[in-house]
Amino acid sequence: MFDVNRIRKDFPILEEEIYGKPLVYLDNGATTQRPLQVVERMTEYYLRYNSNVHRGVHYLSNKCTDANEQARETVREFINAVSTDEIIFTRGTTESINLVAHSFGEAFIREGDEIIVTEMEHHANIVPWQMLCERKKAVLKVVPFNGKGELNMEEFGKLLNERVKLVGVAYVSNVLGTVNPVKEIIDAAHAFGAYVLVDGAQAIQHIPVDMQALDCDFFAFSGHKVYGPTGVGVLYGKRGLLEQMPPWQGGGEMIKEVRFEKTTYNDLPFKFEAGTPDFIGVIGLGEALEYVKGIGLQDIASYEHDLMNYAMEQIRTVPNIILFGEAAEKSSVISFGIGGIHHFDLGTLLDKMGIAIRTGQLCAEPVMQHYGVTGMARASIAMYNTREEIDVFCEGLRKIEKIFKL
Ligand code: PMP
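## Things to note about the packing of helix 3 (residues 59-79) against helix 10 (residues 279-295)
What describes two packed helices is the angle between their axes and the distance between those same axes.
So, point 1. Packing of helix 3 against helix 10 brings their axes to within 8 Å, and their N-to-C directions diverge by 40°. By the angle class used here, helix 3 and helix 10 are oblique. Remark: the crossing between helix 3 and helix 10 carries left-handed chirality. From helix 3, Cys64, Ala67, Asn68, Ala71, Thr74, Val75, Glu77 and Phe78 reach across to helix 10, where they touch Phe279, Val282, Ile283, Gly286, Leu289, Glu290, Val292 and Lys293.

## Remarks on the packing of aromatic side chains
So, point 1. Applying the stated rule across the entire model yields 14 aromatic pairs.
So, point 2. Measuring from centroid to centroid gives 5.8 Å for tyrosine 227 and tyrosine 384, while their planes differ by 75°, and the two rings are edge-to-face. Of this pair, tyrosine 227 sits in the loop between strand 9 (218-222) and strand 10 (233-237) while tyrosine 384 sits in the loop between strand 17 (376-380) and helix 14 (387-405); the two residues are 157 residues apart in sequence, bridging distant segments of the chain.
So, point 3. On the basis of relative accessible area, tyrosine 227 is assigned to the buried category, the value being 0%.
So, point 4. Relative accessible area serves as the criterion here: at 0%, tyrosine 384 is assigned to the buried category.

## Regarding the site of the ligand
So, point 1. Every residue near the ligand is listed here: Thr93, Thr94, His122, Ala124, Asn174, Asp199, Ala201, Gln202, Ser222, His224 and Lys225.
So, point 2. Here a nitrogen atom of the ligand and a side-chain polar atom of lysine 225 are 2.8 Å apart.
So, point 3. Burial of the ligand by the protein amounts to 86% of the accessible area it has alone, namely 400 Å².

## Quick word on unusual backbone geometry
So, point 1. In this model, leucine 268 is joined to proline 269 through a cis peptide bond whose omega is -5°.
So, point 2. Turning to its location among the elements, proline 269 is positioned in the loop between strand 12 (264-265) and helix 10.
So, point 3. If you check the backbone angles, aspartate 215 has positive phi at about 70° while not being a glycine.
So, point 4. We note that cysteine 363 has phi near 55°; this positive angle belongs to a residue other than glycine.
So, point 5. For cysteine 363, the location among the structural elements is in the loop between strand 16 (358-360) and helix 13 (365-371).
So, point 6. Using a relative accessible area of 30% as the deciding quantity, one classes cysteine 363 as partly exposed.

Parameters and conventions
Residues numbered from 1 in each chain as written. Predicted model: local features only at pLDDT ≥ 70, side-chain atom pairs only at ≥ 80, totals over all residues. Heavy atoms only, no water. Axes fitted to C-alpha atoms, helices over the stretch in contact; angles between N-to-C directions. Helix = DSSP H or I, 4+ residues; strand = E, 2+ residues; numbered from the N terminus. Parallel < 35°, antiparallel > 145°, perpendicular 65-115°, else oblique. Left-handed = near helix turned anticlockwise from the far one by under 90°. Contact = heavy atoms within 4.5 Å. Phe/Tyr/Trp six-rings, centres within 6.5 Å; stacked < 30°, edge-to-face > 60°. Buried < 20%, exposed > 50% of the residue type's maximum accessible area, 1.4 Å probe, protein only. Near = heavy atom within 4 Å. Polar contact = N/O pair within 3.5 Å; in protein donor to acceptor, adjacent residues only side chain to side chain. Areas by Shrake-Rupley, 256 points an atom, 1.4 Å probe, with all protein chains shown as cover.

On their own, these measurements won't tell you what the molecule is for.
Put into structure tokens, the structure is as follows:
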């Protein structure tokens, strides 16, 4: 059974006090906290086994190599990919998307081709495509969203044609919390021969994902948003597609044979992993996914769904609240403002109460432009948050609203 109090014990930071107040951490969309299990596993590897992977014949190197490859299998199973050849370790979602923009872009994008993204993407799923379009003289098209923060699927349908080579879409918007109909998008894009990259940065920790059922071509996520370490993430790609893509970065480990006349490249997934990877980060990510699996992502999802409903109900009772994003399918993120109060003041005053939220443009300036605002405040939940914390947060908002009204 899902037991939030037991889970909280694994996260010592949740016991911290900020300015003498118990920490209420509601900035999980930016980064989640790490459980003891992850930190301890990484510490063990740093202190007892550290040695470079895939290179040595000695005990320590083999130990790290085995753990690195075990983590790859853990990721494969977690997202139900067909093969570990399809799991490439990167620095995070941003690097995963840049890898695709460079390598897939090199092999598949020609002048006049079209790439579709949505108006609610994080900058990480906009800028690499803009740069690719500039390099290749391709065209970027944008699917708008409506007043509730849901994608306009009719417009998406109209944008699809044979020139579209790739669609990039967030599974869950980091501003609006909208859970996009990615399966529908993937099937519609495939019908026109376009490939689909799903930005899973805000989904991997909240929604069970299955690469074979989704049938997306690429899926990207970051370790630090799923209770794992920073500096490590994953690019999933379908094997047949990855095989047709050239390496992105050159160096050690990604080669088969190096000759000045001609160098040949390594097999998947190593072809895309040049240089020494953050293998202890990878091992930590494996541990984080094991931890999540141990609790059960389905149970996490239903607990968080209930908590989200409660949070939305409560925040609606705050006077002068403005909510951004009220999609029918919504997960984990509440972006808001209070009439007449700058988002920066909101964040600063909540901080003084021990409550951590995010403020600003949330790496999604087009969403800010959509609403005509300079920034927003955002509370984002994780599996260790509680109704009591939501109460403290909403009480804090009420106090701030009152202070500004005086
Ligand atoms: N996409 C989305 C939807 C995100 O929320 C984030 C992180 N805020 C990213 C991409 C980028 O992730 P990272 O900074 O870990 O590369």
